[in-house]
Amino acid sequence: MTQQSLWQFVIEQHEKLLTQVVQHLGLTFLSLLLAIIVGLPLGILIARKRKLSSPVLGFAGILQTIPSIALLGFMIPAFGIGATPAIVALLIYALLPIIRNTFTGITGVNPSVIEAAKAMGMNRKQMLFKVELPLAMPVIIAGIRTAAVINVGVATLASFVAAGGLGEFIFGGISLNNTNMILAGAIPAALLAILLDQMIAVLQKSGYQFFKKLKYIIPAILLLFGSVYLMNSVSDNKLKAGFTPEFMGRQDGDLGLRSVYGLNVNPKVVSDAVMYKAAYEGELDLISGYSTDGRIKAYDLYVLKDDKKIFPPYFAAPIIKTKTLEKFPELEETLNLLAGKFNDSIMTDLNYRSDYLNQTPEKIAKDFLIKTKLYEVPRKGSGSTIRIGSKIFGEQYILTEIYKIMIEGYTNYKVETKTGLGGTKICFDALMNDAIDFYPEYTGTGLLVLLKPSEKTVQTVSQNADKTYKFVDTEFRKQYGIQWLKPLGFNNSYALMMRKKQADELKIKSISDLKKYMDSK
């Protein structure tokens, strides 16, 4: 099987790529227009009333320092998911350069020019529009230019809250170990930033009189892209669906739903960090999820029966290089003490304690090991350091902490954890590059995302969990020099879920029932 080139990927996905570019521009332009509407008057106000300048600029500066993912997270309780929280977050990020440059530009006008304007009998309004703004315009446009470039970059995170944009390809590629997909999102985003920067630079150099001629055209263009984006973001589906980036690109995910069930629900791409709560609050009706996720119980969700078996059972197990096991001879025996100590209900309960009861991974891990009589007091050893990685969801944090306590209690090795490494690609690349020594992985991900065998091979080896495990262990040893240690015992497969109350009302029990409902008029 020949590897697909970036150009082939772009040709194949050109419609989706074009949609994402339009969404990205819509988010950027709409938020930029709103930031100008808010920031320009604020800048003029603090230039007039200097005492307000420090608190206003200070507050805008504080907002600018909030990490973008965190800012989007703060928006969700107030605005839900979709376009609104993304636009508000981008508006906040664009405010500081616009307010600051407006203030700097106006206050930087030569006082003698102001005095001359007063001597000519100009009032404050005339001085503002005929003297101060024209002279300050290059500085103001420089602020807008900075805000535009910032927003193009930050808008890639809009897919975190199902707002679309080029971030869908970027985060999808990270989750699916697909470099072409990452580049298909990252390169257009970079080009958009450069293009927008240069277009505004031309406007900046053209002078105030040229700008006056375009004062209606530019807002119209910004509004046009914003309107197109908002119209595209409105779905006419019976059910609002949201799937994670990884689920969208996997055969045991959206691809399987389309090919096996003939089900296309036109889902939004959304992070699993917000997906479950969005379903609970009615922002989404149908979501992808994990069969052992504690939020199923926490948010009273109903898992639809997979009557055509596109979600095969998969094991979870630590993966580690053979040379690492040779370097740490006590490690394999220690980690294998956990083999078979979990089942689906145990893992679901541990996840529930993390996701809903907000217990720390450290407490959950220690309580579990005490209950299973595996807990040993940490030796505080002085041996070599083992680095454990994890992906960015609760279950992985819990498993990482369990491994940490086990290693510290049963060996003299020291342990360093590197949690929240993002998707599969980041974790696996970190393992291959010796940035971490091992991390917990799932045989389904190993098969479909990392090995990517032919469809015939997938159908053959995914008939049962044991067969999948043996295949991925054998192939990982051959291709990567990596071993899968003994499975932990629980099955973590994908699932489709809805609010239980809604599923009961619509009489949807299985994915086939869902297909019939979506096809009905």
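Each value, and the rule that gives it
Residues numbered from 1 in each chain as written. Predicted model: local features only at pLDDT ≥ 70, side-chain atom pairs only at ≥ 80, totals over all residues. Heavy atoms only, no water. Helix = DSSP H or I, 4+ residues; strand = E, 2+ residues; numbered from the N terminus. Buried < 20%, exposed > 50% of the residue type's maximum accessible area, 1.4 Å probe, protein only. Contact = heavy atoms within 4.5 Å. Lys, Arg positive; Asp, Glu negative; His and termini not counted. Charge placed at Lys NZ, Arg CZ, Asp CG, Glu CD. Pairing = 2+ DSSP bridges. Axes fitted to C-alpha atoms, helices over the stretch in contact; angles between N-to-C directions. pLDDT = per-residue confidence, 0-100. 1 Å grid on protein atoms, 1.4 Å probe; cavity = no way out; pocket = protein on both sides within 12 Å on 5 of 7 lines; lining within 4 Å. Points joined across faces, edges and corners; volume = space filled by probe spheres on them. Nonpolar A, V, L, I, M, F, W, Y, C, P; charged D, E, K, R; others polar. Core = buried A, V, L, I, M, F, W, Y, C linked by side-chain atoms within 4.5 Å. Salt bridge = Lys/Arg side-chain N within 4 Å of Asp/Glu carboxyl O. Parallel < 35°, antiparallel > 145°, perpendicular 65-115°, else oblique. Left-handed = near helix turned anticlockwise from the far one by under 90°. Phe/Tyr/Trp six-rings, centres within 6.5 Å; stacked < 30°, edge-to-face > 60°. Lys NZ or Arg CZ within 6 Å of the ring centre and 35° of its normal. Right-handed = clockwise from strand over helix to strand, strands pointing away. Expected span 1.5 Å × (residues − 1). Arc of directions from axis to C-beta.

Participant: How should I be thinking about the overall build of the protein chain in this particular structure?
Facilitator: Along its length, the protein chain carries 26 helices and ten strands. Taken across its 521 residues, the protein chain has 53% of its residues classed as buried. In the protein chain, once contacts between residues fewer than 6 apart in sequence are set aside, the share between residues at least 24 apart is 78%. When the 58 positive and 44 negative side-chain charges of the protein chain are each reduced to one mean point, those points stand 8 Å apart.

Participant: For this particular structure, what's the right way to read the sheet that holds strand β1 (residues 241–243)?
Facilitator: Where strands meet in a sheet, backbone hydrogen bonds hold them as pairs that are either parallel or antiparallel. A sheet is described by the order of its strands in space; here five strands give the open sequence β2-β1-β3-β10-β4, paired in mixed fashion. Of all strands in the sheet, those with a lone pairing partner are β2 (268–269) and β4 (301–303), marking the two edges. Across two bridges, the pairing between β1 and β2 is parallel. Each bridged residue has a counterpart across the sheet, and for Gly242 the counterpart in β2 is Lys268. Packing of helix α14 (residues 272–280) onto the sheet brings it into contact with β1, β3 (286–290), β4 and β10 (494–499), and relative to β3 it is tilted by some 130°.

Participant: Hey, could you run me through the confidence of the model for the protein chain in this one?
Facilitator: Parts of the prediction with low pLDDT should not have their coordinates interpreted in detail. Averaged over all residues, the pLDDT of the protein chain equals 89, while 95% of them reach at least 70. Mean pLDDT values over the elements of the protein chain span from 65, in helix α10 (residues 208–213), up to 97, in strand β9 (residues 482–484).

Participant: Any chance you could explain empty space enclosed by the protein here in plain terms?
Facilitator: Rolling a probe over the atoms, with the probe sized like a water molecule, indicates the empty space that remains. In total, this model carries two cavities of 30 Å³ or more according to the counting rule given. A volume near 50 Å³ is recorded for the largest cavity. Lining of the largest cavity is provided by Tyr290, Asp293, Arg295, Asn351, Asp355, Phe393, Gly394, Glu395 and Asn492. Going through the elements one at a time, α18 (344–355) and α20 (394–410) are the ones with two or more residues in the lining of the largest cavity. Here the lining of the largest cavity is composed, by residue class, of two nonpolar, three polar and four charged. Of the pockets and cavities examined, the second largest cavity occupies roughly 30 Å³.

Participant: How should I be thinking about the environment of Gln251 in this particular structure?
Facilitator: Secondary-structure assignment places Gln251 in the loop between α12 (245–248) and α13 (254–260). Beyond its immediate sequence surroundings of up to four residues, Gln251 is in contact with Gly256 and Ser259.

Participant: Looking at this model, I keep getting lost on the nonpolar core. Mind explaining?
Facilitator: Soluble globular proteins: nonpolar side chains tend toward being buried together. Phe243, Leu257, Tyr276, Leu286, Leu496 and Leu514 are the most contacted members of the largest nonpolar core, which totals 61 residues. No other element matches the eight residues that helix α5 (residues 83–107) contributes to this core.

Participant: Just checking my understanding: could you explain the pattern of salt bridges for this structure?
Facilitator: Oppositely charged side chains may form a pair once their charged atoms are brought near each other. On inspection of all chains with the given rule, the structure shows 22 salt bridges. Across the pair Arg250 and Glu246 runs a salt bridge, and its minimum N-O distance is 2.6 Å. An identical accessibility class is assigned to Arg250 and Glu246; each is buried. Taking the shortest distance from any N to any O, the salt bridge between Lys425 and Asp429 comes out at 3.1 Å. Residue Lys425 and its partner Asp429 are located together in helix α21 (residues 424–432), separated by four residues, close to a single helical turn. Given a relative accessible area of 16%, Lys425 falls into the buried group. By sharing partners, the salt bridges in this structure join Glu246, Arg250 and Asp252 into a single network.

Participant: Explanation requested: the packing of helix α8 (residues 167–176) against helix α9 (residues 179–206) in the structure shown.
Facilitator: To describe two helices that pack against each other, one gives the angle between their axes and the distance between the axes. α9 packs onto α8 with a crossing angle of 160° between their chain directions and a minimal axis gap of 7 Å. The pairing of α8 with α9 is recorded here as roughly antiparallel in orientation. Read as a crossing pair, α8 and α9 show a hand that is left-handed. Between α8 and α9, the residues in contact are Phe169, Ile170, Gly172, Gly173, Ile174 and Leu176 and Met181, Ile182, Ala184, Gly185 and Ala186, respectively. Of the residues contributing to the contact of α8 with α9, the split by class is eight nonpolar, three polar and no charged.

Participant: Which parts of the structure should I look at to understand the packing of aromatic side chains?
Facilitator: In this structure the tally under the stated criterion is 18 aromatic pairs. Residues Phe476 and Tyr480 carry aromatic rings whose centres are separated by 5.1 Å and whose planes lie at 65° to one another, so their mutual orientation is edge-to-face. Taken together, the residues span about one helical turn, with Phe476 and Tyr480 both in helix α24 (residues 465–480) at a distance of four residues. Judged by relative accessible area, Phe476 falls into the buried class, the value being 0%. An aromatic cluster of at least three residues, connected via ring pairs, comprises Phe243, Phe247, Tyr290, Phe311, Phe393, Tyr442 and Tyr494. The ring of Tyr302 has Lys509 lying over it, and the distance from NZ or CZ to the ring centre is 5.4 Å.

Participant: When you look at α14 in this model, what are you seeing that I'm missing?
Facilitator: By the burial criterion, the buried members of α14 are Asp272, Val274, Met275, Tyr276, Ala278 and Ala279. Gly282, located one to two residues past α14, shows a positive phi value of around 85°.

Participant: So what exactly am I meant to see when it comes to the pairing of strand β7 (residues 414–418) here?
Facilitator: A regular strand carries its side chains on alternate faces of the sheet. Sheet analysis places strand β6 (residues 385–389) next to β7, joined by five bridges and oriented parallel. Note that in β7 the partner of Gly389 across the bridge is Lys418. Chirality of the crossover, the property in question, places the unit of β6, α20 and β7 among those that are right-handed.

Participant: Honestly, the pairing of strand β5 (residues 316–321) in this entry has me stumped. Any pointers?
Facilitator: Most of β5 sits out of view: six of its six residues are buried. Along β5, one buried face is formed by Ala316, Pro318 and Ile320 and the opposite face, lined by Ala317, Ile319 and Lys321, is buried too. Bridging between β5 and β9 involves three bridges; their strand directions are antiparallel. Opposite Ile319, over in β9, you have Trp484 as the bridge partner.

Participant: What exactly am I supposed to notice about helix α4 (residues 68–79) here?
Facilitator: Each α-helix turn comprises 3.6 residues. Residues three or four places apart therefore point the same way. Along its twelve residues, α4 runs 16 Å from first to last C-alpha, staying within 8% of the 16 Å computed at 1.5 Å per residue. Listed as buried for α4 are Leu71, Leu72, Met75 and Ile76. Projected onto a plane normal to the axis of α4, the buried residues spread over an arc of 155° and lie on a single side. Facing away from the buried side of α4 by over 90 degrees, the exposed positions are Phe74 and Pro77. Structurally, α4 contributes buried residues whose contacts are with α5 and α14. Once α4 finishes, Gly80 follows within two positions and takes phi at roughly 75°, a positive value.

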